[in-house]
Amino acid sequence: MSEPQDRQAAITGIGVVAPNGTTTGTFWKATQEGLSVLDRVTREGCEHLPLKVAGEVRAFEPAATIEERFLVQTDRFTHYAMAAADFALDDARLALADIPDAPYSIGVVTAAGSGGGEFGQRELQQLWGKGSRFVGPYQSIAWFYAASTGQVSIRRGFKGPCSVVASDEAGGLDALAHAARAVRRGTDVIVAGSTEAPLAPYSMVCQLGYDELSRETDPSRAYRPFTDGACGFVPAEGGGMLVVEAACAARSRGADIKAVVAGHGATFTGASRWDRSREGLAQAVRQALAEAGCAPEEVDVVFADALGVPEADRAEALAIADALGEHGTRVPVTAPKTGIGRGYCAAPVLDTAAAVLAMEHGLVPPTPNVFDVCHDLDLVTGSARAAELRTALVLSRGLMGSNSALVLRRGTAQ
């Protein structure tokens, strides 16, 4: 096998902490069943806010998996990242002894849209209410976008290349692409992904400035993209981490290659310029397909961005048709995030995890709460659809104007 194929970026481990499951198994079971867990916001201090529905992670106890000395230094979004990284590494059956030149050949890449808002709010309240001597030393780092990358690498002893993508939603896919490119350049393993925790009072107030945010109070109607009832998106917390490693390293230690990150494309079309996102997203898809050496008709399933804003939904449907041609109206499209909410940078990472699992199980998961599709898409609704899936396309757009597309190939390197 040639060297380029040996350096392909293989996904060997998946770790998830999501509103519908805090293990990969429970996440996939709920996803394939089309279970919606959107519900009324229950976080203290949020009762009076106009945002009433969200995807909360409720079955997660950080102290069960993370040492106290790390918990006190970090915000909820980093708790999710550390736990998900543990789950991904366990799933990959990866130990330092398995990797030559470890720990220097293992790195971490995460994406974050907002950082540690809950931690920061608490410390600022201490400053305002009690004085500067009551502000803890970790205020200087816990809120920061790079906190999850730093804490995962420190806790696990990884000393390879580490970075953070500070971006809007599409940053989740960009982080996975960054990891794949690092692997192709010579790093053996990158733990990559995104987790977010935007459901605290300060963070939620910041989100109220988004016109695209749903104010609907009925959880079953709050997030219904590609329908006449689309009224915006519902936010969510949690996320996922993936183990991305060189195919040669994975094979040498007998690891299962779940999927290959084959291609990525990214463009920028401006904040809330949804009419322009049609062209930008289509171009990102073309870039990703070209890098993957993939023809449009080879795409077996599309995991949609699915913003839930009529203008944005129309732009995405047209972008899929523009990039995939006639195949774009026939290929199965799904948006499982309508059952858990849109977790900013974490949303496309969870979509990527779902896409890998969909290819593994030969099943396209449905789009919860969506039935009356009003766009020319073969949107999978109601129940999962059995299908032979070899290639998946994951799409993401950010409120600030980023567009990103990721092509995944099933199983071992093609």
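Residues numbered from 1 in each chain as written. Predicted model: local features only at pLDDT ≥ 70, side-chain atom pairs only at ≥ 80, totals over all residues. Heavy atoms only, no water.

The name given to the protein in an unreviewed UniProt entry is Ketosynthase chain-length factor, with Streptomyces argyrophylli as the source organism.

A word on the overall build of the protein
Put simply, the test is: The way it works is that DSSP assigns letters per residue, a run of H or I at least four long becomes a helix, a run of E at least two long becomes a strand, and they are numbered from the N terminus. Put simply, the radius of gyration uses C-alpha atoms, and a globule should come to 2.2 Å times the residue count raised to 0.38. Burial status follows relative accessibility: with a 1.4 Å probe on protein chains alone, a residue under 20% of its type maximum counts as buried, one over 50% as exposed, and anything between as partly exposed. In short, Shrake-Rupley with a 1.4 Å probe defines the accessible areas, and a residue's cover is counted only from the protein chains shown.
Summing up its helical and strand segments, the protein has 13 helices and 15 strands in all. In terms of C-alpha radius of gyration, the protein reaches 20 Å, essentially the compact-globule figure of 22 Å for 414 residues. If one aligns the C-alpha atoms of the protein with their principal axes, the spans along those axes are about 65 × 55 × 35 Å. Residue burial in the protein is summarised as follows: out of 414 residues, 62% are buried. Carbon and sulfur atoms form 52% of the exposed surface of the protein, whose accessible area is close to 15300 Å².

Notes on the pairing of strand β8 (residues 259-268)
Put simply, the test is: A pair of strands is treated as paired once DSSP finds two or more bridges between them.
Of all 10 residues in β8, eight are buried, a share of seventy percent or more. As paired strands, strand β1 (residues 9-17) and β8 are joined by three bridges and run antiparallel to one another. Bridging from a neighbouring strand, I11 pairs with A259 of β8. With nine bridges connecting them, β8 and strand β15 (residues 402-410) associate as antiparallel partners. The residue bridging V260 from the neighbouring strand is R409, located in β15.

Description of the layout of surface pockets
Convention followed: In this analysis the probe radius is 1.4 Å and the grid spacing 1 Å, with only protein atoms considered; a cavity is a set of points the probe fits into but cannot get out of, a pocket is an open set with protein on both sides within 12 Å along at least five of seven lines, and lining residues have an atom within 4 Å of a point. Grid points are joined across faces, edges and corners, and a volume is the space filled by probe spheres set on the points. When residue character is reported, Ala, Val, Leu, Ile, Met, Phe, Trp, Tyr, Cys and Pro are called nonpolar, Asp, Glu, Lys and Arg charged, and the others, Gly included, polar. The split into domains, and so the bounds of each, comes from an automatic or database assignment of domains.
Put simply, the largest pocket is a space of about 530 Å³. Lining the largest pocket are 25 residues, and of these G113, S114, G115, Y145 and C206 sit closest to its centre. Of all the elements in the fold, those that place two or more residues in the lining of the largest pocket are α5 (117-129) and α9 (201-207). Class assignment for the residues of the lining of the largest pocket results in 11 nonpolar, 11 polar and three charged. Residues from two domains meet in the lining of the largest pocket; each of domain 1 (9-253) and domain 2 (262-410) gives at least three. By volume, the second largest pocket is sized at about 160 Å³. Along its surface, the second largest pocket is lined by R43, E44, R76, E118, Q121, R122, Q125, L199, A200 and P201.

Looking at the domain arrangement of the protein
Heads up, the rule is: Pairs of residues are marked as contacts when any of their non-hydrogen atoms sit within 4.5 Å. The term buried area means the drop in 1.4 Å probe accessible area that two parts suffer when joined, counted for both and summed.
Taken as a whole, the protein is organised into domain 1 (9-253) and domain 2 (262-410). A separation of 21 Å is found between the C-alpha centroids of domain 1 and domain 2. In this assembly, 61 residues from domain 1 lie in contact with 64 residues from domain 2. Interface of domain 1 and domain 2: buried area, both sides summed, is about 4800 Å²; carbon and sulfur atoms make up 67% of it.

Some points on unusual backbone geometry
Residues A102 and P103 are joined by a peptide bond in cis, for which omega reads 5°. Even without glycine at this site, N369 takes up a positive phi of about 70°. Mapping N369 onto the fold places it in the loop between β11 (363-364) and β12 (378-379). Judged by relative accessible area, N369 falls into the buried class, the value being 16%.

A look at empty space enclosed by the protein
Across all of its chains, the model carries four cavities of 30 Å³ or more by this definition. Here the largest cavity defines a volume of roughly 90 Å³. If you go around the largest cavity, you meet 15 residues; those closest to its centre are F27, K337, I340, L350 and D351. Within the residue set of the lining of the largest cavity, elements represented by two or more residues are α2 (24-32) and α13 (346-361). With four residues, the single largest contributor to the lining of the largest cavity is α13. In terms of residue class, the lining of the largest cavity is made up of eight nonpolar, four polar and three charged. In terms of domain composition, the lining of the largest cavity takes at least three residues from each of domain 1 (9-253) and domain 2 (262-410).

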